[in-house]
Amino acid sequence: MTNRPIIVHGLEDAKTAIAVAAQLGCPVTLRSAPGAAAYLGPQVFRDMIAEARSGQKATNVRVIFDCGDDPGLALSALRHGPKTILIDAPRETFDKIADIAAQTGARLEKETDAPVLDLLESDDPQAQVRIWLGQGD
């Protein structure tokens with residue numbers, strides 16, 4: 001199944017996405033909200049995802065932490081465990097942080113135009129996630 005990231009804004013969003021992915025038997029990619037590093041912090045996001053995963057059927061959960069355009073927040077996030085960091089930075093800055101990330105077993109990504117499901121104002125997140133993940137390859 002192709003990568004179909006889901007932006008989660010809280011514990012319930014994350015629980016819903018993981019539960020639906022487990023029911024469908026597919027992996028899921030959870031992204032923090034855009035620029036979440038500025039107000040949420042990597043530890044809170046990490047703990048939120050860990051809580052969402054507890055008690056759920058086993059499924060492959062990939063996590064991406066969005067640091068906006070702030071290199072300092074990206075470096076801080078690397079010290080707190082996220083394995084994939086999203087940052088919008090100039091090429092030279094991106095490359096330097098990517099090198100540091102690689103040394104810690106993490107990786108850096110840039111925002112792309114690839115579709116993403118944002119659960120911010122969803123009236124029925126479970127249905128939306130089911131449709132989103134069920135769209136297949």
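Here the structure is shown first, and the text comes after it.
Residues numbered from 1 in each chain as written. Predicted model: local features only at pLDDT ≥ 70, side-chain atom pairs only at ≥ 80, totals over all residues. Heavy atoms only, no water.

Draft legend 1. Focus on the nonpolar core. Within the largest apolar cluster, 37 residues are counted, with the highest numbers of intra-cluster contacts made by Ile6, Val28, Leu30 and Leu133. Secondary-structure elements contributing two or more residues to this core are strand S1 (6-7), helix H1 (11-24), strand S2 (28-31), helix H2 (42-53), strand S3 (61-66), helix H3 (71-78), helix H4 (91-103) and helix H5 (125-134). Apart from residues no more than four positions distant in its own chain, Leu30 is found in contact with Ile6, Val8, Ala14, Ala17, Ile18, Ile49, Val61, Arg62, Val63 and Ile64. (Core = buried A, V, L, I, M, F, W, Y, C linked by side-chain atoms within 4.5 Å. Buried < 20%, exposed > 50% of the residue type's maximum accessible area, 1.4 Å probe, protein only. Helix = DSSP H or I, 4+ residues; strand = E, 2+ residues; numbered from the N terminus. Contact = heavy atoms within 4.5 Å.)

Draft legend 2. Quick peek at the packing of H1 against H2. For the pair H1 and H2, the least separation of the axes is 9 Å and the interaxial angle reads 45°. Taken together, H1 and H2 sit at an angle that is classed as oblique. In this structure, H1 meets H2 at a crossing whose hand is right-handed. Here Leu11, Ala14, Lys15 and Ile18 of H1 come into contact with H2, specifically with Met48, Ile49, Glu51, Ala52 and Arg53. For the contact of H1 with H2, the per-class residue count stands at 6 nonpolar, no polar and 3 charged. (Axes fitted to C-alpha atoms, helices over the stretch in contact; angles between N-to-C directions. Parallel < 35°, antiparallel > 145°, perpendicular 65-115°, else oblique. Left-handed = near helix turned anticlockwise from the far one by under 90°. Nonpolar A, V, L, I, M, F, W, Y, C, P; charged D, E, K, R; others polar.)

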